[in-house]
Amino acid sequence: QVQVVEYGGGLVQPGGSLRLSCVASGSIFSITAMGWYRQAPGKQRELVAAYTSGSIPNYGDSVKGRFTISRDNARNTVYLQMNSLKPEDTAVYYCNAAGLLSTKTRYDNWGRGTQVTVSS
């Protein structure tokens, strides 16, 4: 009943920038948490940046100062601006959205992910 879709992945050179978007749609009453996670081959999924409570986002240590998350509440959308990209940022980036449906039951949904590759 809730769809989460990511946009904007691709191939970028080291030092470059990329912007990801994520849209949540469906029978949404509220979104209490929304953000970005990533998983590189052979590694566990990790936090990139997310709004988990309130208006102040949390960032993973490896992206602080380089990545910025923002949101458009009216459009149920979050963005991830990634600057100064490094090869170690290469991963599948997943969006997660959680909250309440219009039926007041909880949801916690993941998108299918979008590949980001940083390589020369």
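A. Structural context of the sheet that holds strand 7 (residues 67–72). The strand order across the open sheet formed by 4 strands is 1-3-8-7, and the pairing between neighbours is antiparallel. The sheet terminates laterally at strand 1 (2–7) and strand 7, the two strands that pair on one side only. Adjacent strand axes in the sheet meet at a mean angle of 15 degrees when their direction is disregarded. Here strand 1 runs beside strand 3 (residues 18–26); their pairing, made up of 6 bridges, is antiparallel. The residue bridging Val 2 from the neighbouring strand is Gly 26, located in strand 3.

B. Region of interest: the side chain of Arg 38. Secondary-structure assignment places Arg 38 in strand 4 (residues 28–39). The exposure class of Arg 38 is buried, given its relative accessible area of 6%. Polar contacts involving the side chain of Arg 38 include one to the side chain of Glu 46, which spans 2.7 Å. A distance of 3.1 Å separates polar atoms of two side chains, one belonging to Arg 38 and the other to Ser 62. Non-local contacts of Arg 38, meaning those with residues more than four positions away in its chain, are made with Gln 44, Arg 45, Glu 46, Val 48, Ser 62, Val 63, Phe 67, Glu 88, Asp 89, Ala 91, Val 92 and Tyr 93.

C. Main features of the pattern of salt bridges. Taken as a whole and assessed by the stated rule, the structure comprises 5 salt bridges. The partner of Arg 38 in a salt bridge is Glu 46, with the nearest N and O atoms 2.7 Å apart. Given a relative accessible area of 34%, Glu 46 falls into the partly exposed group. The closest approach of N and O atoms between Asp 61 and Lys 64, which form a salt bridge, is 3.1 Å. Each of the two residues, Asp 61 as well as Lys 64, counts as exposed. One salt-bridge network, in which partners are shared between bridges, spans Arg 38, Glu 46, Arg 66 and Asp 89.

Thresholds applied
- Residues numbered from 1 in each chain as written.
- Predicted model: local features only at pLDDT ≥ 70, side-chain atom pairs only at ≥ 80, totals over all residues.
- Heavy atoms only, no water.
- Pairing = 2+ DSSP bridges.
- Helix = DSSP H or I, 4+ residues; strand = E, 2+ residues; numbered from the N terminus.
- Axes fitted to C-alpha atoms, helices over the stretch in contact; angles between N-to-C directions.
- Buried < 20%, exposed > 50% of the residue type's maximum accessible area, 1.4 Å probe, protein only.
- Polar contact = N/O pair within 3.5 Å; in protein donor to acceptor, adjacent residues only side chain to side chain.
- Contact = heavy atoms within 4.5 Å.
- Salt bridge = Lys/Arg side-chain N within 4 Å of Asp/Glu carboxyl O.

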